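Tertiary structure, described
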Amino acid sequence: MLKCPSCGQGKVLSGYLTVKDQCAHCGQDLSHARTDDGPAYFTLLVVVAIVFPMFGLIYSLFTPRPLWVALFMVVLSTALALVLLPRVKGVFIGFQWAKRLHGF
Ligand SMILES: [Zn+2]
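What you are looking at is a predicted structure, and each value in this text was computed from that prediction instead of being measured.

Calculation notes
Residues numbered from 1 in each chain as written. Predicted model: local features only at pLDDT ≥ 70, side-chain atom pairs only at ≥ 80, totals over all residues. Heavy atoms only, no water. Helix = DSSP H or I, 4+ residues; strand = E, 2+ residues; numbered from the N terminus. Rg over C-alpha atoms; globule rule 2.2 N^0.38 Å. Contact = heavy atoms within 4.5 Å. Areas by Shrake-Rupley, 256 points an atom, 1.4 Å probe, with all protein chains shown as cover. Buried < 20%, exposed > 50% of the residue type's maximum accessible area, 1.4 Å probe, protein only.

Counting its secondary structure elements, the chain contains 2 helices and 2 strands. Mapped in sequence order, the helices and strands of the chain form the string β-β-α-α. Against the compact-globule benchmark of 13 Å for 104 residues, the chain has a radius of gyration of 18 Å, which places it well outside the compact range. In terms of overall dimensions, the chain has a C-alpha envelope of 55 × 20 × 20 Å along the principal axes. Contacts in the chain between residues far apart in sequence, at least 24 positions, make up 50% of those at least 6 positions apart. Summing over all exposed atoms, the chain offers an accessible surface of approximately 7000 Å²; the carbon and sulfur share of this is 68%.

On to the side chain of Thr-35. Considering the arrangement of structural elements, one finds Thr-35 in the loop between strand S2 (18-19) and helix H1 (38-61). Here Thr-35 falls in the buried class, since its relative accessible area comes to 10%. Sequence-distant contacts of Thr-35, defined by excluding residues within four places in its chain, comprise Lys-89, Phe-92, Ile-93 and Gln-96.

Here it is as structure tokens:
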């Protein structure tokens, strides 16, 4: 939900992917969050798991032109990744906070 794992009210991210230093609502120090590339890898895993089976489904139901399918999949993959990436990063920060990792 992109909310502070401590109070559930303040936002965790400022901008698209930048982690705030602290929660504006409760003052929870968020500077300890170290997500590195984890959210990007996990987002890629989820997007591929959704998009890849769609190739088979589309080709089994229709006989589309490959260029249209490629174009559709590129747009779908990009949109899914852009929507999921900040949320997955929020999940990583929440998990680190819950397990008291990295100085939380
Ligand atoms: Zn908070």
